[in-house]
Amino acid sequence: MLNKIEGYAAFKDIEDRFNIIKKKTLPLCAAENLISPFVKLPLNGDFQERYIMNGVLDYETDNNFIGSNFLFEIYGLINKQCAKLFDCNYADARTLTGMNCITSLLMSITKAGDKIMVSDSECGGHQSMKVVCKRLGLQIIDMPYDYNHFDMDYENVYSVLKKDDINFFLYAPSDIINPPDFDKLKLPSNTVLLYDASQTLGLIAGKQLDNPLNKIDNCILFGGTHKTLPGPANGLIMTKTMNGPNLLIKQLALYTFVIRKCIKLLVYYTHYLRWRLLESRTQKKQSIMPRDFPMN
Ligand SMILES: Cc1ncc(COP(=O)(O)O)c(C=O)c1O
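Reading the values: the criteria
- Residues numbered from 1 in each chain as written.
- Predicted model: local features only at pLDDT ≥ 70, side-chain atom pairs only at ≥ 80, totals over all residues.
- Core = buried A, V, L, I, M, F, W, Y, C linked by C-beta atoms within 7 Å.
- Buried ≥ 20, exposed ≤ 12 C-beta atoms within 10 Å, placed from the backbone.
- Contact = placed C-beta atoms within 7 Å.
- Helix = DSSP H or I, 4+ residues; strand = E, 2+ residues; numbered from the N terminus.
- Near = placed C-beta within 6 Å.
- Nonpolar A, V, L, I, M, F, W, Y, C, P; charged D, E, K, R; others polar.
- Pairing = 2+ DSSP bridges.
- Axes fitted to C-alpha atoms, helices over the stretch in contact; angles between N-to-C directions.
- pLDDT = per-residue confidence, 0-100.

Caption draft 1: Structural view of the nonpolar core. With 42 residues, the main nonpolar core has Phe-169, Leu-170, Leu-194, Ile-220, Leu-221, Phe-222 and Met-238 as its most contacted residues. Residues contacting Leu-194, with those up to four places away along its chain left out, are Leu-105, Phe-168, Phe-169, Leu-170 and Ile-220.

Given below as structure tokens:
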């Protein structure tokens, strides 16, 4: 029956080949971890693809989707659990991945022309961070780095942030083993640390690594949830003592909503295009089907 569904046989073939390779290999990257059946439980439920409009602060039952009050409770539960694991005062799990976290965050709290210090990929930083910052029109300043000790150059980080009056410091360690020494990291009072813990969220939750939320006053901790935190692929954003979290959260709600709507529109449009393509093909002749595109 399933094989009659267009594309299913092709999908199954790809999945089978993928599973054969997976069985024979030893994944060593945090992003390749195994997700347990327990972790996958919520993915099978109706909540999985739902969200509420306006986030939690401006939540109104009347102008929302049916059942949004139940999701509101789920958001509350997420906040409660994250408070235990990460000592945060606010947790937001509506973004879709680690990259989606930072894109939504930057769109929420920065404006074009703002200065941002970024950990470059040469110092183990994630390679896409600067691309996103650049695309959003931010002025990028490289994080001073101490190549002898494979660590940030703490003194120069402070003096450059202070001298250039930089409000944002995006630290996104991807290809580096040592965590920063938060006792050495001093930031000017107007600088917010955006700490991307995509690789280390599980280690922070398990108290194996220092939690930046407990060490740095103005800090937003965020990351993808499918690496050392072995959850389904999603994004998690948390704050503790951030100035003006309300503004951040409200704006984040707006951008998350817009991004989700855009993704949905894109999916609908793809379906529409495919339908138009199929329709025009059936009107012509079956023989014009590309040979390597089985349409069983
Ligand atoms: C520091 C950092 N940020 C973001 C990402 C991307 O996360 P995601 O795959 O959840 O978008 C990675 C992935 O390797 C990462 O190491």
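There is more to say after this.
Caption draft 2: Examining unusual backbone geometry more closely. Positive phi, close to 50°, is recorded for Asp-165, a residue that is not glycine. Position of Asp-165 among the secondary structure elements: in the loop between helix H6 (154–163) and strand E6 (168–171). For Lys-207, which is not a glycine, the phi torsion comes out positive at approximately 60°.

Caption draft 3: Representation of the site of the ligand in the model. Around the ligand sit Ala-31, Thr-97, Gly-98, Met-99, His-126, Ala-172, Pro-173, Ser-174, Asp-196, Ser-198, Gln-199 and Gly-224, and those are all the residues in its vicinity. Looking at the shell around the ligand, its residues break down into four nonpolar, seven polar and one charged.

Caption draft 4: Up close: the pairing of strand E7 (residues 192–196). Burial within E7 is extensive, with five of its five residues counted as buried. Burial along E7 is two-sided: the face carrying Val-192, Leu-194 and Asp-196 and the face carrying Leu-193 and Tyr-195 are both buried. Both E6 and E7 contribute to a ladder of four bridges, which runs parallel. In the sheet register, Tyr-171 faces E7, and the bridge partner there is Tyr-195.

Caption draft 5: Local environment of the sheet that holds strand E8 (residues 219–226). If you trace the seven strands from one edge of the open sheet to the other, you get E1-E9-E8-E7-E6-E2-E3, paired in mixed fashion. Only two strands of the sheet have a single neighbouring strand rather than two, namely strand E1 (90–92) and strand E3 (139–142). Sheet twist, expressed as the average angle between the axes of neighbouring strands with direction ignored, equals 25°. When strand E2 (residues 115–118) meets E6, the two strands line up parallel, connected through three bridges.

Caption draft 6: Region of the structure containing the environment of Phe-65. Relative to the elements of secondary structure, Phe-65 occurs in the loop between helix H2 (37–40) and helix H3 (68–86). Residues Phe-65 and Met-53 lie twelve residues apart in sequence; the distance between their C-alpha atoms is 7.7 Å. Apart from residues lying up to four places away in sequence, Phe-65 is in contact with Arg-50 and Ile-52.

Caption draft 7: Spatial organisation of the confidence of the model for the protein. In the predicted model, the protein carries a mean pLDDT of 86, and the fraction of residues at 70 or more is 81%. Low pLDDT, under 50, characterises residues 285–296; the stretch is placed with seven contacts to residues that sit more than four places away or in other chains.

Caption draft 8: Looking closely at the environment of Thr-200. Looking at the element boundaries, Thr-200 is found in the loop between E7 and helix H7 (201–205). Look at Thr-200 and you get buried, because 21 C-beta atoms sit within 10 Å. Excluding residues that lie within four positions of it along the chain, Thr-200 makes contacts with Pro-179, Leu-209 and Thr-228.

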